[in-house]
Amino acid sequence: METEISRTLLEWYAVSARRLPWRGHPDPYAVWVSEIMLQQTRVETVIPYFERWMARFPDLQTLAAASQQEVLQRWEGLGYYSRARNLHQAARQVVSEWGGELPAERKQLEKLPGIGRYTAGAIASIAFGRDEAALDGNIRRVLARLFAMRLPARSPEGEKRLWQLAEDHLPPGRAGDFNQALMDLGASICTPQRPACRLCPLAALCLARAEGIQEQLPVLMKKAPVPHYNVTAAVIQAQGRVLLARRPANGLLGGLWEFPGGKQEPGEELAAALGREIREELAVEIEVGEPFGVYRHGYTHYKVTLYAFLCRLAGEAPPTPLEASEIRWVSAAELADYPMGKIDRQIARRLAEPTHE
């Protein structure tokens, strides 16, 4: 129902809404793409990816007809690659089961790969005008502060409470604008640190501000320590080409290409670890040569330091993809055509430099 909070927020949104390329787009597909891209990614990062994506895949049918490799290539750099794979799979499902028209109802949307309750609510409300609540990180923070909620925001009890608050203040017929207004408020004013309460249209209604605890909310659950691993990668060269392996379709970085290698075991030398991994992955022996850089990256649940080495095959036996879905020998100039994770792309760029051709 319309409340003082929703009424005040919509008045603010009417004059303060961010201008974003997917807002006001006539095709619900654009809203869907933007919502998937925005999961765990900042708006500023998403905008150029969204624009390039829409230039290549302007509609759902074009996306469905594309190959997974091209989809992953256009997504490269955004991370969380399962989002791209799910988006691609869902597009094909919509074409085959819904005649190419994205369903408008939340329950139907939730049946598509990669669409959960939040994303379904956002698409249904923004793209189709349905009276559905949404709850992303920005909205969680705004509501937790507005109502001084001391439950951990990500706990089952906290989630239930926040969904109820979002639904209680949902203005009939204006859910899409209301949800986007909450997102904008959280992104621009009710920020994680040092919220700009003096600029907030809801300051007079905010219970956390009244108690002076706005910077202590939302309550976060304690995170477990992030493990760190040393890993190795082989830049195996022969006759002006380098060997790439494609990761299995499912799992971390699924479907992406990489320089083969793997994790160092306790007490194992880096070169020995790399040789063992290549035997296990490709059924060949290698000669490990000069180091080719040290690369660091953090994933969702762990961090890695990767040690790359220039290598060559030892013996006549050809490599066999025992763990990868496929392998290919490619030239340095062709590396840009193969979608990769961040570290492998850094290695590929260095290989493509004139001094390494």
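Just so you know, these numbers come straight off a predicted model, no measurement behind them. (Residues numbered from 1 in each chain as written. Predicted model: local features only at pLDDT ≥ 70, side-chain atom pairs only at ≥ 80, totals over all residues. Heavy atoms only, no water.)

Draft legend 1. Seen up close, the overall build of the protein chain. Helix and strand counts for the protein chain come out as 14 helices and seven strands. Taken along the three principal axes of its C-alpha coordinates, the protein chain extends 75 × 50 × 35 Å. Relative to its 357 residues, the protein chain shows a buried fraction of 49%. Counted over contacts in the protein chain with a minimum sequence separation of 6, partners at least 24 positions apart contribute 65%. With the model as given, the accessible surface of the protein chain reaches about 17700 Å², and the carbon-plus-sulfur share is 50%. Taken as two groups, the 43 positive and 43 negative side-chain charges of the protein chain have centres that lie 6 Å from each other. (Helix = DSSP H or I, 4+ residues; strand = E, 2+ residues; numbered from the N terminus. Buried < 20%, exposed > 50% of the residue type's maximum accessible area, 1.4 Å probe, protein only. Contact = heavy atoms within 4.5 Å. Areas by Shrake-Rupley, 256 points an atom, 1.4 Å probe, with all protein chains shown as cover. Lys, Arg positive; Asp, Glu negative; His and termini not counted. Charge placed at Lys NZ, Arg CZ, Asp CG, Glu CD.)

Draft legend 2. Focus on the packing of aromatic side chains. Counted by the stated rule, this structure contains seven aromatic pairs. Consider the rings of tryptophan 22 and phenylalanine 50, whose centres lie 5.2 Å apart with planes at 75 degrees: the pair is edge-to-face. Here tryptophan 22 is found in the loop between α1 (4–16) and α2 (28–37), whereas its partner phenylalanine 50 is found in helix α3 (residues 43–56), with 28 residues between them in sequence. Judged by its relative accessible area of 5%, tryptophan 22 falls in the buried class. By relative accessible area, which is 2% here, phenylalanine 50 ends up buried. Residues tryptophan 53 and tryptophan 75 carry aromatic rings whose centres are separated by 5.6 Å and whose planes lie at 80 degrees to one another, so their mutual orientation is edge-to-face. With tryptophan 53 in helix α3 and tryptophan 75 in helix α5 (residues 68–75), this pair connects stretches of sequence that are 22 residues apart. On the basis of relative accessibility, which here comes to 0%, the residue tryptophan 75 falls in the buried class. Directly above the ring of tryptophan 163 sits arginine 117, whose terminal nitrogen or CZ lies 3.8 Å from the centroid. Residue placement shows arginine 350 over the ring face of phenylalanine 292; its charged tip is 4.1 Å from the ring centre. (Phe/Tyr/Trp six-rings, centres within 6.5 Å; stacked < 30°, edge-to-face > 60°. Lys NZ or Arg CZ within 6 Å of the ring centre and 35° of its normal.)

Draft legend 3. Representation of the environment of proline 201 within the structure. Residue position: proline 201 is located in the loop between α11 (175–188) and α12 (207–211). Expressed as a C-alpha distance, the spacing of proline 201 and lysine 223, which sit 22 residues apart in the sequence, is 33 Å. When near neighbours in sequence (up to four residues on either side) are disregarded, proline 201 contacts Thr8, Leu9, Trp12, Leu185 and Ile189.

Draft legend 4. View of the packing of helix α9 (residues 137–146) against helix α10 (residues 156–168). The contact between α9 and α10 brings their axes to 10 Å, and the two run at 85 degrees. One element, α9, and the other, α10, form an angle in the roughly perpendicular class. Residues Arg140, Leu143 and Ala144 of α9 form the contact with α10, whose participating residues are Glu159, Leu162, Leu165 and Ala166. Class assignment for the residues of the contact of α9 with α10 results in five nonpolar, no polar and two charged. (Axes fitted to C-alpha atoms, helices over the stretch in contact; angles between N-to-C directions. Parallel < 35°, antiparallel > 145°, perpendicular 65-115°, else oblique. Nonpolar A, V, L, I, M, F, W, Y, C, P; charged D, E, K, R; others polar.)

Draft legend 5. Representation of the pairing of strand β6 (residues 303–314) within the structure. Direction of pairing for strand β1 (residues 228–238) relative to β6: parallel, over a ladder of nine bridges. What sits directly across from histidine 228, in β6, is lysine 303. What sits between the antiparallel neighbours strand β5 (residues 285–298) and β6 is a turn of four residues. (Pairing = 2+ DSSP bridges.)

Draft legend 6. Focus on the side chain of asparagine 179. With respect to the secondary-structure elements, asparagine 179 resides in helix α11. Looking at asparagine 179, the relative accessible area reads 1%, which means it is buried. Of note is the side chain of asparagine 179, whose polar atom sits 3.0 Å from the backbone oxygen of glutamate 132. Here asparagine 179 is in contact with Gly121, Ser125, Glu132, Ala133, Ala134, Ile139 and Leu170, once residues within four sequence places are set aside. (Polar contact = N/O pair within 3.5 Å; in protein donor to acceptor, adjacent residues only side chain to side chain.)

Draft legend 7. Geometry of unusual backbone geometry. Residues leucine 217 and proline 218 are joined by a peptide bond in cis, for which omega reads 0 degrees. Along the polypeptide, proline 218 turns up in the loop between α12 and β1. One non-glycine residue, tyrosine 80, lies in positive phi territory at about 50 degrees. Summarising the element assignment, tyrosine 80 is placed in the loop between α5 and α6 (82–98).

Draft legend 8. Representation of α11 within the structure. Along its 14 residues, α11 runs 20 Å from first to last C-alpha, staying within 8% of the 20 Å computed at 1.5 Å per residue. For α11, the buried fraction is high: eleven of the 14 residues fall into the buried class. Each element contacted by the buried residues of α11 is listed here: α1, α2, α8 (117–128), α9 and α10. (Expected span 1.5 Å × (residues − 1).)

Draft legend 9. Spotlight on the environment of alanine 348. Take alanine 348: it is sitting in helix α14 (residues 342–352). For alanine 348, a relative accessible area of 2% puts it in the buried group. Note: C-alpha distance between alanine 348 and proline 248 (100 residues apart in sequence) is 20 Å. What alanine 348 contacts, discounting residues up to four positions off in sequence, is Phe259, Leu335 and Met340.

Draft legend 10. How the structure looks around the packing of α2 against α3. Across the interface, α2 lies against α3 with an axial gap of 10 Å and an inter-helix angle of 140 degrees. With respect to α3, the axis of α2 lies oblique. Crossing angle aside, the handedness with which α2 passes α3 is right-handed. For the pair α2 and α3, contact is made by Tyr29, Ala30, Val33, Ser34 and Met37 and by Val46, Tyr49, Phe50, Trp53 and Met54, respectively. Of the residues belonging to the contact of α2 with α3, the class tally is nine nonpolar, one polar and no charged. (Left-handed = near helix turned anticlockwise from the far one by under 90°.)

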